[in-house]
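In case you want the letters, here they are:
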Amino acid sequence: FLKHNRQARGDIHMIDQYLGFNAQKRGGVYVLENAFSGPQVLKSLLEDASVENGRLKGQKIQDRGSFISLDLDYDGKTILFGFTEAESGLPRNPDYSTQMYDEDELLKRMPGHRSYYYSPERTYHVFKAGVDGSGLRQLTDGRWNEFDPVFLPNGRIAFVSERAGGACRCGARPLPSATLFAMMPDGSDIIQLSWHDTNEWHPSVDNHGMIVYTRWDYVDRDSDIAHHLWHCFPDGRDPRSMHGNYPDVRESRPWMEMSVRAVPGSEKYIAVTARHHGQAYGSLIMIDLREKDNRATSQLKRITPETPFGESESLPGVADDVGGKKKKKKDVPSVSSERYGTPWPLGEDYFLCVYDSKCSMYGICLVDSFGNRELIYSDPEIACLDPIPLKPRTRPPV
């Protein structure tokens, strides 16, 4: 698992948590031995590891930047993750010819946003290492944020990158769009998998070998609600919306489904519902696409019903259409919905995830579908993220 604090700039938008200059310079990759019995032993994988190549060659990165989006190879021997040095503010003599925007125009529209400066020291990049911390290598670099790496069954690596050059349609801030790419295990042969023009997040591989991910479908859609489960072939062919893009009432279903993963030995998926104006935390749900979609929640099962769907259920004053009558929701602060994150399914009834009732110092929990929650590990000084069982698992078909 990772140690990683939520970005503190403010929950302006789902995109902001993946901007390296918004991150806190703290965290690392850890293994918890004897997690479920006996005296627990915590090991830092990268405490003594130095980067073997690239711009950071010879440097240690533990607690010198921010770590995000961990993945484990199917043989249980290699990890991928995103890392940023998390430099913020402006460099000396900034070169705006490298940026996606004109400085004068930006300052005219938004005087306080000069800190949106994209450079290698301020963005996330994909790294690779052995599960013992050996062979730490940087696979991508540049002024783009690149994160959410995932091992594909054929040996390549899919990840999310801003390098396509698109821009967020929402608001005037300079926010590049990040979409699906893929590369060889050594970082070579980078190819674009998706030509979508707004953001995509959290690719994983389902039991059929398809890439499943979240897409912000801003094409002829409501701006806030269409962030749901998509799939495509491992080479990017045939991207399709699997459900959720056409709700009859925008408050009748989650506005975002993040961290989607296939349940082992099942046709179902686990996901976390999230706020459009927030981060990738929320309430846990199970998705079953074999059920007929009623343009609401027929394909969803709530795993953590005590936690509402962010914004669609918890924003003060939101109403839904129940029996032809407008019914007001309770005035619950939106942040109360961001309690769970990064679920990893162990089966249809048991899940690892991170949890915090105060939506801050997330610890690792075991949650079941019967209403139980057991704290496995927490650090009072920093939050946890991305718990993954450190063991081999079945490789999906290529």
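Residue indices follow the written sequence of each chain, beginning from 1 at its first position. A pLDDT threshold of at least 70 governs which residues receive local features in this predicted model, and a stricter bar of 80 or more applies before side-chain atom pairs are shown or counted, although totals over entire chains, interfaces and linings include all residues. Side-chain measures here rest on the full set of heavy atoms in the structure, leaving out hydrogens and waters.

(A) Region of the structure containing the overall build of the protein. Along its length, the protein carries one helix and 26 strands. In terms of overall size, the protein behaves like a compact globule, its C-alpha atoms giving a radius of gyration of 20 Å where 398 residues would be expected to give roughly 21 Å. With the C-alpha coordinates of the protein rotated into their principal frame, the extents come out at 65 × 60 × 45 Å. Only protein chains enter the accessibility calculation, which uses a 1.4 Å probe. A residue is then buried if its area is under 20% of the maximum for its type, exposed if over 50%, and partly exposed in between. Counting only residues that meet the buried cut, the protein has 57% of its 398 residues in that class. Comment: elements are numbered from the N terminus, with helices defined as DSSP H or I runs of at least four residues and strands as E runs of at least two. Between the two quantities, the radius of gyration covers C-alpha atoms and the globule rule is 2.2 Å times the number of residues to the power 0.38.

(B) Molecular detail of the nonpolar core. The criterion is simple. A nonpolar core is a set of buried Ala, Val, Leu, Ile, Met, Phe, Trp, Tyr and Cys residues joined through side-chain atoms within 4.5 Å. Counting 89 residues, the largest nonpolar core has Val-29, Leu-46, Ile-61, Phe-81, Leu-136 and Trp-201 as its most contacted members. Considering every element that reaches this core, the biggest residue donor is strand 23 (residues 350-355), with five residues. Residues in contact with Trp-201, not counting those within four places in the same chain, are Met-14, Ile-15, Tyr-18, Phe-147, Asp-148, Val-160, Tyr-213, Thr-214, Trp-216, His-227, Met-256 and Met-258. Any pair of residues with heavy atoms lying within 4.5 Å of one another is described as a contacting pair.

(C) Just the side chain of Asp-148, in detail. Within the secondary structure, Asp-148 sits in strand 8 (residues 146-151). From its side chain, Asp-148 meets the backbone nitrogen of His-202 in a polar contact 2.8 Å long. Residue contacts for Asp-148: discarding those within four places in its chain leaves Ser-69, Ala-158, Phe-159, Val-160, Trp-201, His-202 and Pro-203. Polar contacts, as counted here, are pairs of nitrogen or oxygen atoms within 3.5 Å of one another; within protein the pair requires one atom able to donate a hydrogen and one able to accept it, and residues that are adjacent in sequence qualify only if both atoms are side-chain atoms.

(D) Molecular detail of the environment of Ser-360. Assignment of secondary structure puts Ser-360 in the loop between strand 23 and strand 24 (363-368). Residues Ser-360 and Thr-307, spaced 53 residues apart in sequence, show a C-alpha to C-alpha distance of 15 Å.

(E) Local environment of the sheet that holds strand 6 (residues 125-130). With antiparallel pairing, four strands are arranged side by side in an open sheet as 4-5-6-7. The outermost strands of the open sheet, each flanked by one partner alone, are strand 4 (66-72) and strand 7 (137-138). Should DSSP find at least two bridges between two strands, the strands are taken to pair.

(F) Broad picture of the pattern of salt bridges. We define a salt bridge as a side-chain nitrogen of Lys or Arg found within 4 Å of a carboxyl oxygen belonging to Asp or Glu. Considering all chains together, one arrives at 23 salt bridges under this definition. The partner of Lys-3 in a salt bridge is Asp-379, and the shortest N-O contact between them spans 2.7 Å. Of this pair, Lys-3 sits in strand 1 (residues 2-3) while Asp-379 sits in the loop between strand 25 (373-377) and strand 26 (384-385), and the two are 376 residues apart along the sequence. We note that Lys-3, like Asp-379, is buried. For Glu-348, the salt bridge identified is with Lys-268, shortest N-O distance 3.5 Å. Residue Glu-348 is located in the loop between strand 22 (340-345) and strand 23, and its partner Lys-268 is located in the loop between strand 16 (256-262) and strand 17 (269-274); the two are separated by 80 residues in the primary sequence. On the basis of relative accessibility, which here comes to 33%, the residue Glu-348 falls in the partly exposed class.

It is worth stressing that arrangement in space is one thing and function is another; only the former is reported here.
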